[in-house]
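# Structural overview
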Amino acid sequence: QVQLVESGGGLVQAGGSLRLSCAASGRTFSSGAMGWFRQAPGKEREFVATISWTGANTYYADSVKGRFTISRDNAKNTVYLQMNSLKPEDTAVYYCAARAQPLAAALRTMYDYWGQGTQVTVSS
């Protein structure tokens, strides 16, 4: 079993930055890939970024490429999402997700565990 707790969300002006953290407990974290997804009001939950269990491979949604960076610290059982140059369209609840397999994945259905989410609001 894996438990995920996100933090770091908040209100920021367009062009600003936020760093999300996801603290994980359980065996799967040290050997499984992690991902960030987001869901805006009235929209489907969408892929944002993913990282393999070694951290060697990362992938991003086109909408955030060049602005967001995913990283992980396996010693701290934590995955991060550094978000720069934020735009109003980045406003959403951001979810951390974990999967038992080591390979990074962009599909929501490939993840086994989910956090409760943290709200990110970007004002114009």
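A brief structural summary.

Basis of the calculations
- Residues numbered from 1 in each chain as written.
- Predicted model: local features only at pLDDT ≥ 70, side-chain atom pairs only at ≥ 80, totals over all residues.
- Heavy atoms only, no water.
- Helix = DSSP H or I, 4+ residues; strand = E, 2+ residues; numbered from the N terminus.
- Polar contact = N/O pair within 3.5 Å; in protein donor to acceptor, adjacent residues only side chain to side chain.
- Contact = heavy atoms within 4.5 Å.
- Salt bridge = Lys/Arg side-chain N within 4 Å of Asp/Glu carboxyl O.
- Buried < 20%, exposed > 50% of the residue type's maximum accessible area, 1.4 Å probe, protein only.
- Pairing = 2+ DSSP bridges.
- Disulfide = S-S within 2.5 Å.
- Axes fitted to C-alpha atoms, helices over the stretch in contact; angles between N-to-C directions.

## Some remarks on the side chain of E6
- The topology assignment puts E6 in strand β1 (residues 3-7).
- A polar contact of 2.8 Å, which involves the side chain of E6, links it to the backbone nitrogen of C96.
- Engagement of the side chain of E6 in a polar contact is seen with the backbone nitrogen of Q116, the distance being 3.1 Å.
- Excluding residues within four positions of it along the chain, E6 makes contact with S21, C22, W36, Y94, Y95, C96, G115, Q116, G117 and T118.

## Remarks on the pattern of salt bridges
- All told, the structure shown has five salt bridges when counted by the stated rule.
- The partner of D90 in a salt bridge is R38, and the shortest N-O contact between them spans 2.9 Å. Here the residue D90 occupies a position in the loop between β8 (78-83) and β9 (92-98), and R38 occupies one in strand β4 (residues 34-39), the gap between them amounting to 52 residues. By the burial criterion, D90 is buried, and R38 matches it.
- E44 is paired through a salt bridge with R108; the nearest N and O atoms lie 3.8 Å apart. A residue pair is termed long-range when its members are at least 10 positions apart, and E44 in the loop between β4 and β5 (46-51) and R108 in the loop between β9 and β10 (113-114) qualify at 64 residues.
- Counted as one network, the salt bridges with shared partners bring together R38, E46, R67 and D90.

## Some thoughts on the pairing of β5
- Extensive coverage of β5 is indicated by the burial of five of its six residues.
- Between β4 and the antiparallel strand that follows it, β5, lie six residues; G42 among them carries a positive phi value of about 75°.
- What sits between β5 and strand β6 (residues 58-60) in their antiparallel hairpin is a turn of six residues, with G55 showing a positive phi close to 85°.

## Some remarks on the state of the cysteines
- Summed over the entire model, instances satisfying the criterion amount to one disulfide.
- Between the sulfur of C22 and that of C96 lies a disulfide, 2.1 Å long from S to S. As the torsion about the S-S bond is roughly -80°, the C22-C96 disulfide counts as left-handed. Of this pair, C22 sits in strand β3 (residues 18-25) while C96 sits in strand β9, and the two are 74 residues apart along the sequence.
- For C96, a relative accessible area of 0% gives the class buried.

## Describing the sheet that holds β1
- The strand order β1-β3-β8-β7 describes an open sheet built from four strands, whose pairing is antiparallel. Edge positions in the open sheet fall to β1 and β7 (68-73), since each of these has one partner strand only. Averaged over all pairs of adjacent strands, the angle between their axes in this sheet comes to 15°, without regard to strand direction.
- Note: β7 against β8, six bridges, orientation antiparallel. Opposite F68, over in β8, you have M83 as the bridge partner.

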